[in-house]
Amino acid sequence: MSPLLPFISEAYKVSPETTGWMVTVFAVTYAFSAPFFGWLSDKKGRRTIITFGLLLFAISNTLTAFAPSFSWVIVSRILAGLSVASITPLIYAIIGDIAPPNRRGTWLSIVVSGHLTALWAGAPFGTLLEYFLGWRSVFVVMAIIGCILAVVNFKTWESIPKSDLTRKLLEGNLLRILGSVSVTIIWAISMYALYVYLGAALYSENRFSSSEIALLLLFMASVPF
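Reading guide: rules and limits
- Residues numbered from 1 in each chain as written.
- Predicted model: local features only at pLDDT ≥ 70, side-chain atom pairs only at ≥ 80, totals over all residues.
- Heavy atoms only, no water.
- Salt bridge = Lys/Arg side-chain N within 4 Å of Asp/Glu carboxyl O.
- Helix = DSSP H or I, 4+ residues; strand = E, 2+ residues; numbered from the N terminus.
- Core = buried A, V, L, I, M, F, W, Y, C linked by side-chain atoms within 4.5 Å.
- Buried < 20%, exposed > 50% of the residue type's maximum accessible area, 1.4 Å probe, protein only.
- Contact = heavy atoms within 4.5 Å.

Comments concerning the pattern of salt bridges
Side chains that differ in charge, positive against negative, can pair when their charged atoms come close. Applying the stated criterion to the full structure yields two salt bridges. Arginine 46 is the partner of aspartate 42 in a salt bridge, and the nearest nitrogen-oxygen pair spans 2.8 Å. Of the charged contacts in the structure, one is a salt bridge between aspartate 97 and arginine 46, with a shortest N-O distance of 2.8 Å. Highlighted residues: aspartate 97 in helix H6 (residues 88-98) and arginine 46 in helix H4 (residues 46-66), separated in sequence by 51 residues. The network of salt bridges with shared partners includes Asp42, Arg46 and Asp97.

The following block contains the structure:
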């Protein structure tokens, strides 16, 4: 998203700071709705909720691509936050459910590495699409991928109930969970407060091209923290 903010700002004639609300509403929606989808997946099954999330992801990105006004862009990013909240946490939950106890850490680390790889690879890939086809094409491509993955995930995952072992491990550990969440919140604020607006600042203050912004974000995301 960061390399695209300057171009979205120009398209809708809003300031870069206002455009950054695209990320804010996405993140806030994600944070508050993820626990609900976790609870709902315990009731309805992981596969059903993940498939729903991927279809909503496709719809939300299509709306972002063709939004007639910036207000509709904000609505689309709220829907995108809901969609990702019903996907990413449940993938981790599925791994926790199906992985052998002695391999759970290894399996989770592989999933996380895929997530972080997407973070640094997304910037140059999205910028390349923007350069040749315009920023709207990035969201069209994501919508298409979302539809494909909805089919793949529906055929791949079986509805797996939450394991009794995991439930027992969580009982009585609320303070420990809240402590872990607080660490994640501090880490995310320190990283994404810079990451989101860096592209807009480099464009407005230094007139960096989209390819230069993408290259800088690529190196930034590749550095281990």
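Focus: the nonpolar core
By size, the foremost hydrophobic cluster in this structure holds 20 residues, and its most contacted members are Ile8, Tyr12, Met22 and Trp135. Per-element tally for this core: the top contributor is helix H1 (residues 5-12), with four residues. Setting aside chain neighbours within four positions, we find tryptophan 135 in contact with Leu4, Phe7, Ile8, Ala11, Tyr12, Thr64 and Glu130. By size, the runner-up hydrophobic cluster in this structure holds 15 residues, among which are Leu40, Ile49, Leu90 and Trp157.

Description of the side chain of threonine 51
Mapped onto the secondary structure, threonine 51 falls in helix H4. Note on threonine 51: relative accessible area 12%, which makes it buried. Beyond its immediate sequence surroundings of up to four residues, threonine 51 is in contact with Ala150 and Phe154.

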